[in-house]
Amino acid sequence: MNKVVKNGYKKTCLAVVCSMSLFMTACNDDDDNFVGFNPVKTYAVDSEVRAVVDRHDIFTYNMESVQDKNIRATTLVFTPKGTPPAGGWPIVVWAHGTTGAADKCAPSRLPLEGEEKKLVIELVKRGYAVIAPDYEGLGNNNEPHPYLHLESAANSILSAISEAKKYYGNILANDWSVVGWSQGGHAALAAAEYSDALTNFDYKGAVAIAPASYLAETLEYGMGVANNAAAPGTPQAIQTAKQIAGTLYGYAAIVSSGIKAENPSFQYNQAFLNTKVPLAQIAEIECSPQVAAGFRDDIQSYIDGGGTYGDYQALQPNFILDTDVDAYLDANLPGQNPIPKRVYVFQGGQDTTVPAYITATLLFPQLLSVVEDIVQEDLIIDELADHQSIMSRNIQNIADKVDDLMSDENKK
């Protein structure tokens, strides 16, 4: 086990212990100590969700940050209607996809809708309590979000489970699994890798949907797809290329904000051209769609000014060789250490955000070497799905895989 992971296990265990201080003195004075603080308020849901859930809460607790501070964190908690079974409702963690790095982008501050709503409803209907953490920094106006930081993502999930169990008691069981999409797929793999740090719980496995991984390779491959899309030179072709490139530049900006969250000395111009730094910095105050839109508008302005799509540049040449960028991407690559239970991976064949090529040829072969009880068939590629529809087309299939993981037959 390498030094990073050894330190990670130590830090995660410390975070779980430290977070037990919710109603006592905080582990340090970097955030509120929560004495007398009511940790639960109601999360607004629509009639479809209310029809199947009992509790729909925003639960607030403590966790340790990548800056070694004891900070406030939030998670959504959904429980089924009716009397819990003996031992409580088994837990499924929902690890959300990219919303952005700004506080207002926390899922607990946004409505539950779309594919995520459908999956939460399906899981609750099947008798699971769903715990959906915001991740470190999201929903906390005082702390930055370390986007795609492996240890932080794992700690966000493990702390949410530990603290929710202490607060909700026998309503929740000790059995848990994790399902995540995109950024959440990366987080699900992180939680799987660090799962042994959560003692006195029975970890069952993970479902990673279009999981972010190999970010440098993903950016290079995705930009190649965008360039090929632009090749015909028609307005429609340029529009398609702008959509892909804007999304990828937006993610690069949010990753840069994540590096800065861990390493405050990092500067955006280590990754972006000086003229594009203001666009990248928007990642700290706006959600991901707005960040991507800013780059798309900038590409169009460049073209309107007489430039060509192929000549547009936003990133520093060889930015990937920057010491801080390289170290962050290397340290936060999932699947580099043993994972004790099965992992199912869903991937869309038409995905231009997390390309199937990256998942199938780089990530999954690595998972085959580190995950217990995994087989090639656990990579489920939906050739017709893109980054969004891999969820919408597979809600039932994803929930079925959760059932497989959580079943009695899966116990060791």
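Each remark here, short or long, concerns the structure printed above.
### Section: the packing of aromatic side chains
This structure, assessed with the given rule, holds 11 aromatic pairs. Ring centres of Tyr-43 and Phe-78 lie 6.1 Å apart, and the angle between their planes is 75°; this geometry places the pair in the edge-to-face category. On the criterion of sequence distance, the pair formed by Tyr-43 in the loop between β1 (40-42) and α2 (47-50) and Phe-78 in strand β3 (residues 70-80) is long-range, its members being 35 residues apart. Phe-78 matches Tyr-43 in its accessibility class, with the two residues each being buried. Look at Tyr-167 and Tyr-168: their rings are 5.0 Å apart centre to centre, the planes differ by 80°, and that puts the pair in the edge-to-face class. Among the aromatic residues, ring-to-ring pairing joins Tyr-249, Phe-272, Phe-295, Tyr-302 and Tyr-312 into one connected group.

### Observations concerning the environment of Asn-140
Tracing the chain through its elements places Asn-140 in the loop between β5 (129-133) and α4 (150-168). Along the backbone, Asn-140 and Arg-72 are 68 residues apart, and their C-alpha atoms lie at a distance of 6.6 Å. At a separation of 2.9 Å, a polar atom in the side chain of Asn-140 contacts the main-chain carbonyl oxygen of Arg-72.

### Observations concerning the state of the cysteines
Taken as a whole and assessed by the stated rule, the structure comprises one disulfide. Here Cys-105 pairs with Cys-287 through a disulfide, and the sulfurs are 2.1 Å apart. The S-S bond linking Cys-105 to Cys-287 shows a torsion near -110°; that makes this disulfide left-handed. Here Cys-105, found in the loop between β4 (89-95) and α3 (114-125), pairs with Cys-287, found in the loop between α8 (277-281) and α9 (288-304); they are 182 residues apart in sequence, far enough to count as distant. As far as the burial class goes, Cys-105 and Cys-287 line up, both buried.

### Some thoughts on empty space enclosed by the protein
For the structure shown, the criterion picks out three cavities of 30 Å³ or more. Roughly 320 Å³ of internal volume is contained in the largest cavity. Surrounding the largest cavity, 26 residues form its lining, Leu-215, Leu-219, Tyr-251, Ala-252 and Val-255 being those nearest its centre. Listing elements by their share of the lining of the largest cavity, those giving two or more residues are α6 (215-230), α7 (235-262) and α10 (323-331). The element that contributes the greatest number of residues to the lining of the largest cavity is α7, accounting for six residues. The residue makeup of the lining of the largest cavity, split by class, is 19 nonpolar, seven polar and no charged.

### Digging into the layout of surface pockets
Considered as a void within the structure, the largest pocket measures approximately 820 Å³ in volume. Taken together, 35 residues form the lining of the largest pocket, with Thr-98, Thr-99, Trp-181, Ser-288 and Gln-388 sitting closest to its centre. Every element with two or more residues in the lining of the largest pocket is listed here: β3, α3, α7 and α9. If one sorts the elements of the lining of the largest pocket by residue count, α7 sits on top with five residues. Here the residues of the lining of the largest pocket are counted per class, giving 16 nonpolar, 14 polar and five charged.

### Structural notes on the environment of Ser-392
Inspection of the secondary structure assignment puts Ser-392 in helix α12 (residues 389-392). The exposure class assigned to Ser-392 is partly exposed, which follows from its relative accessible area of 35%. As a C-alpha pair, Ser-392 and Glu-115 span 277 residues in sequence and 5.5 Å in three-dimensional space.

### A word on the sheet that holds strand β6 (residues 172-181)
The strand order β1-β2-β3-β5-β4-β6-β7-β8-β9 describes an open sheet built from nine strands, whose pairing is mixed. Each edge of the sheet is formed by a strand with only one pairing partner; in this case those strands are β1 and β9 (379-382). Adjacent strand axes in the sheet meet at a mean angle of 25°, parallel and antiparallel pairs treated alike. Packing against the sheet, α3 makes contact with β2 (53-64), β3, β4, β5 and β6, and its axis sits at approximately 60° to β3. Its contacts with the sheet put α4 on β1, β2, β3, β4, β5 and β6, and the angle it makes with β2 is roughly 120°.

### So, the pattern of salt bridges
Under the counting rule described, the total for this entry stands at 14 salt bridges. With a closest N to O distance of 2.5 Å, Asp-403 and Arg-126 form a salt bridge. In this pair, Asp-403 sits in helix α13 (residues 395-406) while Arg-126 sits in the loop between α3 and β5, placing the two residues 277 residues apart along the sequence. With a closest N to O distance of 2.9 Å, Arg-342 and Asp-378 form a salt bridge. Of this pair, Arg-342 sits in the loop between α10 and β8 (343-348) while Asp-378 is found in the loop between α11 (356-370) and β9, placing the two residues 36 residues apart along the sequence. Among the residues examined, Arg-342 registers a relative accessible area of 25% and is labelled partly exposed. For Asp-378, a relative accessible area of 3% corresponds to the buried category. Residues joined by salt bridges that share partners form a network here, namely Glu-122, Arg-126, Asp-400 and Asp-403.

What counts and what doesn't
Residues numbered from 1 in each chain as written. Predicted model: local features only at pLDDT ≥ 70, side-chain atom pairs only at ≥ 80, totals over all residues. Heavy atoms only, no water. Phe/Tyr/Trp six-rings, centres within 6.5 Å; stacked < 30°, edge-to-face > 60°. Helix = DSSP H or I, 4+ residues; strand = E, 2+ residues; numbered from the N terminus. Buried < 20%, exposed > 50% of the residue type's maximum accessible area, 1.4 Å probe, protein only. Polar contact = N/O pair within 3.5 Å; in protein donor to acceptor, adjacent residues only side chain to side chain. Disulfide = S-S within 2.5 Å. 1 Å grid on protein atoms, 1.4 Å probe; cavity = no way out; pocket = protein on both sides within 12 Å on 5 of 7 lines; lining within 4 Å. Points joined across faces, edges and corners; volume = space filled by probe spheres on them. Nonpolar A, V, L, I, M, F, W, Y, C, P; charged D, E, K, R; others polar. Pairing = 2+ DSSP bridges. Axes fitted to C-alpha atoms, helices over the stretch in contact; angles between N-to-C directions. Contact = heavy atoms within 4.5 Å. Salt bridge = Lys/Arg side-chain N within 4 Å of Asp/Glu carboxyl O.

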